[in-house]
Every structure is written in structure tokens, then in C-alpha cells.
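Okay, here's what each chain looks like letter by letter:
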Amino acid sequence: MAHSLGLTQPKSTDHPKISFAATETDVTEWKGDLLLVGATEKDSTRDASSSKFSNPILNKLDAHLNGLLSLVSSEEDFTGKPGQSTVLRLPGLASKRIGLIGLGKSASSSFQSLGEAVANVAKASQSSTIAVALASSLDNDSKLSSASALASGVVLGLFEDGRFKSESKKPSLTSVDIIGFGTGPELEKKLKFAEYVSHGVIFGRELINSPANVLTPAVLAEEAAKVASRYSDVFTANILNEEQCRELKMGSYLAVAAASANPPFFIHLVYRPTSGGVKTKLALVGKGLTFDSGGYNIKAGPGSSIELMKFDMGGSAAVLGAAKAIGEIKPPGVEVHFIVAACENMISGTGMRPGDVITASNGKTIEVNNTDAEGRLTLADALVYACNQGVDKIVDLATLTGACVIALGTSVAGIYTPNDELATEVIAASERSGEKLWRMPLEESYWEMMKSGCADMVNTGGRAGASITAALFLKQFVSEKVQWMHIDMAGPVWNEKKKSGTGFGVATLVEWVQTNSSA
């Protein structure tokens, strides 16, 4: 990435390459730095009279350690509760150390969370070779998805974005053996899939975390072009400049961009499989505001979060992260368009004002009653453009409204669609990915709040039902022939505790594309 203001240049980073292998090795015979066993609260109970574990796997390990595992874990007060972990260096096993990680009430809890816990223990212990097993066995139907989620958790948990720090540590973990989840080519393929998706999520996180003085619209376009170049066997890129967007009559998008010294760039990547026909054409449209000041309706005062508005391009990060993963996976039978109208929402004498009337590329006119409801203005022209590509289905993602955060909090994204079949597809994809979605109503009667006295519509209808009226606004720019869904991801885009972007949306989009492929 290039830099502009502040002489800030991100350090180039090589993400750690972790090799995953599925094995049925006996846990007492596995050789490496650290053997980690996930244990539920029930697994961790001990016989009152003998103090031995009631769980056969833990009891077997304890026997090889002459009862020290039970004794020391009891002294450490390990009871299998979520978030608990203990690492011990005890003689008697082939591994150098053994660790226990609490799974809570059930072994079928989040395996991605278990993977993240494994990564944290690996970093703390500076282990390079690790094995992960469960005290309780899994049923065969859940082994594939559980191993995949575990691997994703390890990769994502190990990631730390140190590009803008003067010093950063590199994790030493190089290999993870997954014991007891089955073996064979299908599982190996699933682990590879998890690795590709996780790297897409990391790419999304890095885009979100990049400050606005580094990640300008031009640089976002460069990053998109790099994805297309890296996977040039299946990708093409078309980056439109301001004049080209003007020729396409994208007045809504260009009005938002007008105040910034950094010019807008409209990003269009296309994935086409190298062989075979295409049965479905999809479009993924991401909001790409690399910084949002609010414009003349400036974000001001406590709670405005203006200092975090680098994450207002979280939708585009999800779209481009998905593109990176799809470039690796190469699903057959599906064509995918990745579309981002990248720009900044700034303040200057050339910027749009409250009360201005602007014209979108489908000819509809919009009275701007709030310059801080700008994301939908950029998406309007992006959605028209997507429909013109002849796609069957569109999913757009945007950090669109604070109202959705108030409704659903910071862990759940709201989805809005008039199409039940599409809702079923995307929700099923999110359940496989582990990302949380909740379907919200598209209450058509609320459109009354969006009526203008001098234009076809206003761009915001006030506080009541604000996430719904925002989705109804977007609907005006989608062809009735196209299935469409809007995802408002303003809540889960950012992890406040970790002060980092989450890469939310990448995994669900990839799963959804897979659903529509002929794989």
C-alpha cells in the first residue's frame, strides 16, 4: 500500500504459514512441542474417592503422567469452563508439554473459539508444533465442519496486525495436527478451504485497520487490482476513474466524492471459472467509504465515532476478502462480480450540501437531507451498475446505519430482502460460516417517510425505523428481475476490545458463492 499524509508507510508482513494435518495418532504417542486437549466441564470432573478423571481420554493421559495431570490441574482450579486453560510441563508423554482448554458445557460449542484459544496458548508458550484433541469424541456428521472451524480459529487467532507498529512479534507456530476429527482427502480439502477463507478474512481485516491517510480510494482500487492480478487465470479488473463514472451518469456516487481531494475510483472485478459453463451470475457490492466525516452534517460530539470512520469501508473489505478467497478456491459454474464505489465523504466548498438534489444513474432524483447518510448514495449507483451486468442475484454489504447497531448490537448483522429463497440461502451460508445474521422487515409503508417535496425521494427518513428506510432506499435502485439482499454490518464490523476490524462477511459470502456454484 502507498502512503499520502503523515509519511506513514505500512510494514510489509509475511503471514505465518501453518500446515494443518488430520491424524488419528494416539494422544500419548504424539511427538511435538505441545499437546492441547479440549475438555468440557463434565470431562473435567473427578471421582470423589480416587481423584481420577471420569473421562477416559484424560484418565489415560493422567495414567501416563502418574496422576500428575489430575493433581496439577486441580491445583490450577481447571474445571473445563470456557476461557480456562492451563499448560504443564510434565514427564511421561511423547510431547514436551500438555495443556487443557475449557470448552464449557458442551464439546459442540464454537470450534472457531477453540481454535482462537489454541492460537493464544501457542503464542504464550512460543510453541511451533501443536496437536489438538478433544476429551469427548465427536459424531461423524460434525467432524468436517468442526475441524474446519477449528483451523479457521487457529489462523485468525494467530493474526496480529503489526504493520503500523515500530516493533511486532512473529508467532512461532508452524504446524497443527488435529487428532480425532477423522482423516482422508475430504477432510484435507475442507482444511484447505478453511485456510483460504481465513486468509481472505485477514485481508479484509488489514483493509479495515488501514488508516484513511494510507488507504485512500486510489489505494483500495490498487489492492483490488492486485487480487485480480494474482489470480489472473480467473479474474479481470476494470477500475473506473471519475470521468468514466460521469459518463455513466453516476451522479449520486460522485456527489458524495465531490468534497475530497482524493479522487473516487469505481472498482469492478469479475471472477469467471477457467472451464465449464456458468449456471449462475452473482454480484457482491460493498460500501467503500475509506473515510466518512459526515460531510456538512459532520459527525461531532461524544459517540460520533468519527475517529473510527476508517472502518466505513468494511463492506468493501468483505467483498474483496471474499474475492481473494474465491481466487484460491475457484468454484465452478458461477460468475461473480465484485463491485465497490470507493470514495471519501469530506467537507469543502465543492462538496454536496443539505438540500441539494442529485441524480442517480437510473435517472431517479434524490433530495439530500443529510450528508451523513452518504453510503446509500454511493450504493445506489453501484447497485444500478450491478444490475446492468446481467446478474441473477445481488448481495450488498455496508456499515450503513447506527440504528441497526441499536437494534442488534455488535455481534449480529441485519439482513433485508424481499426474496425468501435468497434469505434462506444466505442464512444457511452464515450458519456454516459461524457469522450471525438476523432477518429484518422491509416494511413498505415506511417509504412514506422517504417522500420529498422536490425530488423522487429524500436520502434519510429520520430516526424511527432508520435501518429499514435505508434498505427501502437501496431497493429503489435494484431491478425487479434481480434477487437482492442488503446486509447492514455496522455492528459486527469492528471489535472494540481488540481495537481491530473483524473481517465480518467474508466467510458468509464465500459460503454463499459455493452454494451457487456447481461444486
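Residues numbered from 1 in each chain as written. Predicted model: local features only at pLDDT ≥ 70, side-chain atom pairs only at ≥ 80, totals over all residues. Heavy atoms only, no water.

Visitor: Which parts of the structure should I look at to understand the sheet that holds strand S17 (residues 483–488)?
Guide: Strand order in this open sheet of 8 strands is S7-S8-S10-S9-S13-S17-S14-S15, and the pairing throughout is mixed. The two strands at the open ends of the sheet, each matched to only one other strand, are strand S7 (235–240) and strand S15 (436–439). Across the sheet, the axes of successive neighbouring strands diverge by a mean angle of 20°, strand direction being ignored. Here strand S9 (residues 280–292) runs beside strand S10 (residues 334–345); their pairing, made up of 12 bridges, is parallel. Residue pairing across strands places Leu289 opposite Cys343, the latter belonging to S10. The strands that helix H6 (residues 217–230) touches are S7, strand S8 (265–271), S9 and S10; relative to S8, the one it contacts most, it runs at about 15°. Across the sheet, helix H12 (residues 420–433) is in contact with strand S13 (393–398), strand S14 (412–416), S15 and S17; its angle to S17 comes to roughly 45°. (Pairing = 2+ DSSP bridges. Helix = DSSP H or I, 4+ residues; strand = E, 2+ residues; numbered from the N terminus. Axes fitted to C-alpha atoms, helices over the stretch in contact; angles between N-to-C directions. Contact = heavy atoms within 4.5 Å.)

Visitor: How should I be thinking about the pattern of salt bridges in this particular structure?
Guide: Side chains carrying opposite charge are able to pair once their charged atoms draw close together. Applying the stated criterion to the full structure yields 23 salt bridges. Across the pair Lys226 and Glu223 runs a salt bridge whose closest N-O atoms are separated by 3.1 Å. A residue pair is termed a helical-turn pair when its members lie 3 or 4 positions apart in one helix, as Lys226 and Glu223 do in helix H6 at 3 residues. Its relative accessible area of 8% is what places Glu223 among the buried residues. Put simply, Arg272 and Glu335 hold a salt bridge, and the shortest N to O gap is 3.2 Å. Of the two residues, Arg272 is situated in the loop between S8 and S9 and Glu335 in strand S10; the sequence distance between them amounts to 63 residues. The partly exposed category is assigned to Arg272, whose relative accessible area is 38%. (Salt bridge = Lys/Arg side-chain N within 4 Å of Asp/Glu carboxyl O. Buried < 20%, exposed > 50% of the residue type's maximum accessible area, 1.4 Å probe, protein only.)

Visitor: What is the right way to read the packing of aromatic side chains from this model?
Guide: Pairs of aromatic rings are described using the distance from one ring centre to the other and the angle between the two planes. For the structure shown, the criterion picks out 7 aromatic pairs. On the basis of an interplanar angle of 45° and a centroid distance of 5.5 Å, the ring pair of Phe235 and Phe338 is categorised as tilted. With Phe235 in strand S7 and Phe338 in strand S10, this residue pair connects regions lying 103 residues apart in the sequence. Looking at Phe235, the relative accessible area reads 4%, which means it is buried. Seen in terms of ring centroids, Phe473 and Phe477 are 5.2 Å apart; in terms of plane orientation they differ by 50°. Their pairing is tilted. Here Phe473 falls in the buried class, since its relative accessible area comes to 0%. For Phe477, a relative accessible area of 3% translates into the label buried. Grouping aromatic residues by their ring pairs yields a cluster made of Phe235, Tyr271 and Phe338. Across from the ring centre of Phe193, 5.5 Å away, lies the NZ or CZ of Lys190, which sits over that ring. (Phe/Tyr/Trp six-rings, centres within 6.5 Å; stacked < 30°, edge-to-face > 60°. Lys NZ or Arg CZ within 6 Å of the ring centre and 35° of its normal.)

Visitor: Looking at this model, I keep getting lost on the sheet that holds strand S12 (residues 365–367). Mind explaining?
Guide: Paired through backbone hydrogen bonds, the strands of a sheet run either parallel or antiparallel to each other. An order of S11-S12-S16 is seen for the 3 strands of this open sheet, with the pairing classed as mixed. The open sheet has two edge strands with one neighbour each: strand S11 (357–359) and strand S16 (457–458). Note: S11 against S12, 3 bridges, orientation antiparallel. For Thr359, the partnering residue across the bridge sits in S12 and is Thr365.

Visitor: Honestly, the pairing of S13 in this entry has me stumped. Any pointers?
Guide: A regular strand carries its side chains on alternate faces of the sheet. S13 sits mainly inside the fold: 6 of its 6 residues count as buried. Alternating residues of S13 divide into Lys393, Val395 and Leu397 and Ile394, Asp396 and Ala398, and every residue in both groups is buried. Sheet analysis places S9 next to S13, joined by 5 bridges and oriented parallel. For Leu282, the partnering residue across the bridge sits in S13 and is Lys393. By the bridge criterion, 6 bridges tie S13 to S17 in an arrangement that is parallel. Bridge assignment links Lys393 to a residue of S17, and that residue is Gln483.

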